[in-house]
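Below are the chains, spelled out letter by letter.
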Amino acid sequence: MTITVVGRGHSAGLILQVRGFIIYGLSTALTYRHLSFGRDCKKVSKRTRPSSSRDVLIDMKFFWRKAPIETERQVQANKNVFNDSFHYKENYIKTSKYNIITFLPMNLFEQFQRVANIYFLLLLILQLVPIISSLDWFTTVVPLVGVIAISAIKDGSDDYIRHKSDHQVNSRRTQVLTNGELRQHVWMDIKVGDIIKLENNQPIPADLLLLSSSESLGLCYLETAELDGETNLKARQALETTADFGDDVVKLSTFTGMVICEPPNNRLDRFNGRLVLEQAEISLNSDNILLRGCMLRNTDWCFGLTIYAGSDSKLMQNSGKSHFKRTTIDHLMNRLVLCIFLFLLTMSIILAIGHTIWEVELGEKFHVFLPAEPSMNNAVFNGFLMFWSYIIILNTVVPISLYVSVEIIRLGQSFFICWDVGMWNQESGIAHARSTNLSEELGQIACILTDKTGTLTRNVMRFIACSVHGKLYGNLDNDDGSEDTVEGDKYAPKMDAALLLAAKSWNEHVTEFFRALALCHTVVAEQDEKGNVVYQAQSPDEAALVNAARAATFRFESRARELIELNEPAPIGRRFLQVVALLDFTNERRRMGVVVQTPEGKLVLYCKGADSAILPRLKAGSDHLADITTEHMHIFAGSGLRTLCVAMRILDETEFTQWSTRLHQASTAIVDREEKVAAIYEELETDLTLLGASAIEDRLQEGVPETILSLLSANLRVWVLTGDKQETAVNIGYSCNLLSDSTTELFILCGSTIEEVSQELRTFQAKIDLVCRHWKLSLLMESKPAPYALVINGPTLALALEPATQMEFLRVAFSCQAVVCCRATPLQKAQIVELVKKEGRVVTLAIGDGANDVGMIKAAHIGVGITGREGTQAALASDFSFGQFQFLQRLLFVHGRLSYQRTAKFLSYFFYKNFAFTLVHFWFAFFNGFSAQTVYDEWFITLYNLVFTSLPVLALALFDQDMGASWSLAFPSLYEPGRKSELFNSNIFMGGCFRAAIASLALFFIPFGAYSGAADYQTFALVAGTSTLLVVGLQMAMDIMYWTVVNQFFLWGSTAVYFAAIFTMSCDGMHLVFPSEFAFVGVPRNALRRPDFWFTVLLSVTISLLPTLIYRFIQIDLTPTLSQKVACMAKLNRTAPAPSKKPKKRPALSQRSAYAFSHSPGFGTLVMRGVNKVAKRKPQYQFGPNLVNFQYMSNVS
């Protein structure tokens, strides 16, 4: 069925232009340029609008038509009608939870997941029945509506921020090829099949097939920080068929090739498809695809065909869903409220049965002078009505003010986080608490899952020291945090003065060392806005080494295919060298090499790589130099630096020519090409001359090692989830103290099948069982971990997360002191968090700084975002955000610990005071014929939780602390009670209820015994009410450990307000105006004059509090907790402990080589094909018979 609405003209027609929100209940998108309903509708937009702007056509089909499952995607360039027939997603994205239509029902649904809210709703319904209600309905409806309104406003404001972020992204502009010309469009208007033009430093708006670029052979360069956290340069290449299009708009607009590929998925490292063009089919892979979230770098322009848009893009497929997060205490409170409700039912049933028995035995005797209605003569029916009456009277065991108070406390604790200057830094400003209902959960974290790049590290590598021909250069002890900057570059080499002098004075060994660093790489040079040459590298190691060579006056200027422009110290200056062969990096080789021909015609092989790949290939007689260099590398590794060896070899021209022939044969082989090429490389990389070794610092965020040590000291599990290679991640693990030389063994999980992974896990578990053996995961988390570490990469991780192996994997991981997951995709990060949450049953915290971390941040109980180099996506999706990883220590050990401690104390006290208050009614029922008569005055019941006891307990929950922040940071073990939920759990709750029951016995029977038969009911009620208020007030005074002016004012002020209120409500004037509401006329004036009143109150209070005083005295004296010991130290010694010093670096047992582990095989070959635009002059050269022989034409600097 189709509905068509046609309008013509302003007065006679209908013009629809809707701007703003999205109605997702009925439609896929309703945006300020689109009005659409369902997947099958035709959109009206600025691009597809009819030629007459006054004509609007809307075609709407029923939205309930189910879309077919997509098995493959067909996209034809410049054919919108064909592509629209598949109803692919447009480029609009949505990260918010609500819209105007769905906000109210969805929010109410979320809020009524709280058992207490449902309980109070039912209670409100009961109070509307006059025959059973003894309290007015407004005593419940006003607090209930208030709580729901406060929570709704808070949730709505949080979601409004997400809406603004979505609008900002969707409104970005880009150039789209439309009707043969380029036009500016917003991102959300991009559709599958559109051809888009991107320019340098622009973000990519959708997943595109690269068609052409400004670089030679259709190359372009990307920064993928939002996808995998790496700021390294990645290369992509267009197909030869489309690369020839260049920027010719005519050719691009007539291109009608069809792409047939896999349906949308979350695999960032894989793309399978083919391009069908003029009866020919060309294979497509991930090297031809530009993914949304990447940034175009070092490329003037490029054109791409949109394949996946919006939520179908791989970035959004990995982003995860927003979850409604509730704390562990919320879940516990739901269970406790259910138990309390059952307890309430039990009490009401007992009292209803008692009333029925009383009616049968004694009630009929009262009918002589208190006649009852005929319908009320049935004792069973009266008992039934009395059951509901007691449900209403005893409902104060869980008052609605509990949830109002909890929301206020959480809001106040969130403000404390934002106001903490200890978590402020200049770059990102203050910390932000974006979710205001999770503060106490910060005190119960058991497992921390962190990103590496940009979170633990600064994304900056720095050259620190080197060993050249057996001599060590660099000051490893100088760690002042300063950076010697190179103009126009973010990588900052730290050069030793003696090393610089040796380079400028043409020391033979130092010269060759830096020349090797300046030539043996795949770095691409570009100019910034100021005209300075900056380096874009696939690996940050590469950029750091080339920058070190530049600082030593061996300046890499540009690359033009096989030519490298190098500026050396005087008197040589600028010259061009030809790269005649590049021996590319692979994971197995762990090294790379480059063969260059100098202007003098000499052939030189420069090689760099891991020590295990270079040292065995040295020429004979190099043992002594190798031993000295190895000793220096031990020193570097002991300081947490990444090392690599540098070597060279002078080649014979005839030998090289023969080798080139064999290399060509191997590179064209059909079978085992990679193995044959690697073997040919091996032939040339022999008889090397060792030049030296470099030491690079992968700069950690400030305070990371100290923070990791503190977290481990609190027995928290710390897992690193990163997209980096294995060696890089392990190296950082050692640098940040997550791994140490005390680690007995690194378990490397690398199986390629489920059976292999399972066997490896069983082998690891057998070793762990020799140290500790716990079969329950909860016990594993509470016990001290075994001295092992688990390392696993992305492909193997996918197998370990399968149902058949996930429990084995989790058991091994929980037993180890550290877990490092390498090459993990964003989705895998989120899956790991979900697995730890679901099966491990522990509270998780995920922390990251990039868009690739959003999934795990949303999945964890607590998501923390770092505002850093990779943008603000992680911060916007997080619950808490700040600028540096080191602030996590303060967030958990200070704010988290105090928030949990305060909330636990608040709940224990709140249930205590309400049970003590309510159980008095229960005991009184046995002496009033089970008639549902209350002990206290009705106004005292109404004001007890709202006025008399609300503010003191709020002050307790907001300001109480057992010690200062510095003491909490100095003793990380203080965090353990929260992690183990020791301060508030079912046992603590039951203990508090038992103490409240004992107190209620004293609060009822002592006044009842003192005044039974000797005083009126009003005086008895006043004594019981006054005793109850003083008992709960003094009980809280016993719980307060940090007295402030606010505590004093609220506690004693509330007591004063109570006495002022009872005098006011019992005065003659109030009774004359409201005779039925204020019946206790003159009672306080008479009762407070009598000594027996005060003696009874004193006796009731003393007996009620005495058991608690005795228990606490014995407990503190015999079994004091760590918190009590440290609190005593803090009181005796007011001087805060000195901040922990930076951990001393110890010599490593073995050096950790870390050469370019972010490299991807084949990148060097791609770079060699491109033309670097920085080159400003071309060398003049002529070809020799076999090799290129340069005529040296450059001017001497």
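Reading guide: rules and limits
Residues numbered from 1 in each chain as written. Predicted model: local features only at pLDDT ≥ 70, side-chain atom pairs only at ≥ 80, totals over all residues. Heavy atoms only, no water. Helix = DSSP H or I, 4+ residues; strand = E, 2+ residues; numbered from the N terminus. Buried < 20%, exposed > 50% of the residue type's maximum accessible area, 1.4 Å probe, protein only. Areas by Shrake-Rupley, 256 points an atom, 1.4 Å probe, with all protein chains shown as cover. Salt bridge = Lys/Arg side-chain N within 4 Å of Asp/Glu carboxyl O. Pairing = 2+ DSSP bridges. Axes fitted to C-alpha atoms, helices over the stretch in contact; angles between N-to-C directions. Parallel < 35°, antiparallel > 145°, perpendicular 65-115°, else oblique. Left-handed = near helix turned anticlockwise from the far one by under 90°. Contact = heavy atoms within 4.5 Å. Lys, Arg positive; Asp, Glu negative; His and termini not counted. Polar contact = N/O pair within 3.5 Å; in protein donor to acceptor, adjacent residues only side chain to side chain. Core = buried A, V, L, I, M, F, W, Y, C linked by side-chain atoms within 4.5 Å. Patch = residues over 30% accessible without salt bridge, like charges linked within 9 Å, V, L, I, M, F, W, Y side chains within 5 Å. UniProt positions renumbered as here; feature names shortened; annotations may be inferred. Phe/Tyr/Trp six-rings, centres within 6.5 Å; stacked < 30°, edge-to-face > 60°. Nonpolar A, V, L, I, M, F, W, Y, C, P; charged D, E, K, R; others polar. Expected span 1.5 Å × (residues − 1).

Counting its regular elements, the protein chain contains 40 helices and 39 strands. Expressed as a percentage of the 1197 residues in the protein chain, the buried residues total 57%. Total accessible area computed for the protein chain in this model is approximately 50300 Å², and 59% of it derives from carbon and sulfur atoms.

Turning to the pattern of salt bridges, a few remarks are in order. Within this structure, the stated rule accounts for 39 salt bridges. For the salt bridge of glutamate 655 with arginine 649, the shortest nitrogen-to-oxygen distance reads 2.8 Å. With a relative accessible area of 12%, arginine 649 lands in the buried category.

Turning our attention to unusual backbone geometry. Omega for the peptide link from alanine 570 to proline 571 comes to 15°, which places this bond in the cis form. Residue placement: proline 571 occurs in the loop between strand S25 (563-567) and strand S26 (574-583). Despite not being glycine, asparagine 78 has its phi angle at roughly 60°, a positive value. Of note, asparagine 78 is situated in the loop between strand S5 (73-76) and helix H1 (80-84). According to the relative accessible area criterion, asparagine 78 is partly exposed, its value standing at 26%. Backbone geometry at arginine 841 places phi at a positive 55°, although glycine is not the residue there. Tracing the backbone shows arginine 841 in the loop between helix H25 (826-840) and strand S35 (844-848).

With that settled, consider the pairing of strand S31 (residues 717-721). Sheet faces and side chains relate simply in a regular strand, where the side chains alternate between the two faces. Along S31, five of the five residues are buried, which leaves the element largely enclosed by surrounding structure. Burial along S31 is two-sided: the residues Arg717, Trp719 and Leu721 and Val718 and Val720 are all buried. Here four bridges tie strand S19 (residues 447-450) to S31, and the two strands are oriented parallel to one another. Pairing of isoleucine 448 across the sheet is with valine 718, part of S31. As defined by bridge partners, S31 adjoins strand S34 (residues 816-821) across three bridges and the pair is classed as parallel.

Let us look at the packing of helix H29 (residues 938-948) against helix H34 (residues 1017-1039). One can describe the packing of H29 onto H34 by two numbers: an axis separation of 12 Å at closest approach and a directional angle of 15°. One way to sum up the angle between H29 and H34 is to call them roughly parallel. Note that H29 runs across H34; the crossing there is right-handed. Along the contact surface, H29 presents Phe940, Tyr944 and Phe948, while H34 presents Gly1025, Thr1028, Leu1029 and Val1032.

Here we take up the environment of leucine 1122. Mapped onto the elements, leucine 1122 comes out in helix H39 (residues 1122-1132). For leucine 1122, a relative accessible area of 38% puts it in the partly exposed group. Note: C-alpha distance between leucine 1122 and serine 973 (149 residues apart in sequence) is 8.1 Å. Residues contacting leucine 1122, with those up to four places away along its chain left out, are Ser973 and Leu974.

A word on the sheet that holds strand S10 (residues 219-223). Sheet strands line up and pair through hydrogen bonds in the backbone, either parallel or antiparallel. Within the open sheet, the three strands sit side by side as S11-S10-S16. Their pairing is antiparallel. Of all the strands in the sheet, just strand S11 (233-237) and strand S16 (295-297) have a single pairing partner and so form its edges. In this sheet, neighbouring strand axes are inclined to one another by 45° on average, regardless of whether the strands run parallel or antiparallel.

So, on to the environment of tyrosine 160. Looking at where tyrosine 160 falls in the secondary structure, it is placed in helix H4 (residues 138-170). Using a relative accessible area of 53% as the deciding quantity, one classes tyrosine 160 as exposed. Through-space distance from the C-alpha of tyrosine 160 to that of asparagine 99 is 9.1 Å; in sequence the pair is 61 residues apart.

Glancing now at the side chain of aspartate 166. On the secondary structure map, aspartate 166 appears in helix H4. Buried within the structure, aspartate 166 lacks any salt-bridge partner; its nearest side chain of opposite charge belongs to lysine 94, at an N-O separation of 6.7 Å. Here the side chain of aspartate 166 touches serine 96 through a polar contact of 3.3 Å, landing on its backbone nitrogen. If we ignore the near neighbours within four places in the chain, the residues touching aspartate 166 are Ile93, Lys94, Thr95 and Ser96.

In terms of nonpolar packing, the biggest core is built from 95 residues, with Leu402, Phe906, Leu907 and Phe915 touching the most fellow members. With 16 residues, helix H28 (residues 887-925) is the single largest residue contributor to this core. Ignoring sequence-local partners within four residues, the contact set of leucine 402 consists of Met333, Phe906, Leu907, Phe910 and Phe911. Of all hydrophobic cores here, the second largest spans 50 residues; its members include Trp187, Leu198, Leu210 and Leu277.

A word on the environment of leucine 476. By secondary structure assignment, the location of leucine 476 is in the loop between strand S21 (471-473) and helix H12 (497-504). Along the primary structure leucine 476 and phenylalanine 636 are separated by 160 residues, whereas in three dimensions their C-alpha atoms are 8.0 Å apart. The residues touching leucine 476, leaving out its near neighbours within four places in the chain, are Ile464, Ala465, Ile635, Phe636, Ser639 and Leu641.

As a further point, take a nonpolar patch on the surface. Taken together, the side chains of Leu1106, Leu1109, Ile1110, Phe1113, Ile1114 and Leu1118 define a hydrophobic patch exposed on the protein surface, amounting to about 620 Å² of accessible area. Take phenylalanine 1113: it is sitting in helix H38 (residues 1091-1118).

Our focus in this paragraph is the sheet that holds S19. Taken together, the nine strands give an open sheet; going across it, the order is S18-S37-S36-S35-S19-S31-S34-S33-S32, and neighbouring strands pair in mixed fashion. Looking at strand neighbours, the two that pair on one side only are strand S18 (432-433) and strand S32 (745-749), the edges of this open sheet. Two strands pair when backbone bridges link them, and strand S36 (residues 862-866) and strand S37 (residues 880-882) are joined in this way by three bridges, in the parallel orientation. Opposite isoleucine 866, over in S37, you have phenylalanine 882 as the bridge partner. The strands that H25 touches are S19, S31, S34 and S35; relative to S31, the one it contacts most, it runs at about 160°.

Under the feature "active site" (unreviewed entry), the UniProt entry names Asp451. Positionally, aspartate 451 belongs in the loop between S19 and strand S20 (457-468). When residues no more than four places from it in sequence are discounted, the contact partners of aspartate 451 are Leu456, Leu721, Thr722, Lys829, Ile847, Gly848, Asp849, Asn852, Asp853 and Met856.

This brings us to the packing of aromatic side chains. Taken as a whole, this structure holds 54 aromatic pairs when the rule is applied. Pairing tryptophan 301 with phenylalanine 303 gives two aromatic rings, centres 5.8 Å apart and planes at 65°, and the pair type is edge-to-face. Across this residue pair, the class does not change: tryptophan 301 and phenylalanine 303 are buried. Aromatic pair phenylalanine 747 and phenylalanine 764: ring centres 4.4 Å apart, planes at 5°, arrangement stacked. Highlighted residues: phenylalanine 747 in strand S32 and phenylalanine 764 in helix H21 (residues 754-769), separated in sequence by 17 residues. Pair check on accessibility: phenylalanine 747 and phenylalanine 764 agree, each one buried. Taken together, the ring pairs connect Phe917, Tyr936, Phe940, Tyr944, Phe948, Tyr1058, Phe1059, Phe1093 and Trp1094 into an aromatic cluster.

Think of two packed helices as two axes; the pair is described by the angle between the axes and how far apart they sit. The geometry of H29 relative to helix H30 (residues 950-959) is characterised by a closest axis approach of 5 Å and an angle of 30° between their N-to-C directions. For the element pair H29 / H30, the angle class is roughly parallel. Here H29 contributes Asn945, Leu946, Val947 and Phe948 to the contact with H30, which in turn contributes Ser950, Leu951 and Pro952. For the contact of H29 with H30, a count of residues per class yields five nonpolar, two polar and no charged.

The end-to-end C-alpha distance of helix H13 (residues 508-519), which contains twelve residues, comes to 16 Å, matching closely the 16 Å that a straight helix rising 1.5 Å per residue would cover. Counting buried positions along H13 gives ten out of twelve residues, so the element sits mostly inside the fold. Residues of H13 that are buried include every one of Val510, Thr511, Glu512, Phe513, Phe514, Arg515, Ala516, Leu517, Ala518 and Leu519, and no others. With a side-chain oxygen positioned 3.1 Å from the backbone nitrogen of histidine 509, the residue opening H13 is asparagine 507.

This next bit is on the side chain of arginine 902. By the element assignment, arginine 902 lies in helix H28. Buried charge arginine 902 goes without a salt bridge, the closest partner of opposite sign being aspartate 960 at 6.4 Å. Of note is the side chain of arginine 902, whose polar atom sits 2.5 Å from the backbone oxygen of aspartate 960. Among all residues touching arginine 902, those that are not within four sequence positions of it are Gln413, Phe416, Leu956, Ala957, Leu958, Phe959, Asp960 and Gln961.

Between the first and last C-alpha of helix H14 (residues 540-551) there are 16 Å, a value that for twelve residues agrees with the 16 Å anticipated at 1.5 Å per step. The set of residues buried in H14 consists of Pro540, Asp541, Glu542, Ala543, Ala544, Leu545, Val546, Asn547, Ala548, Ala549 and Arg550. Of the residues flanking the end of H14, it is threonine 553, one or two places downstream, whose phi is positive at about 70°.

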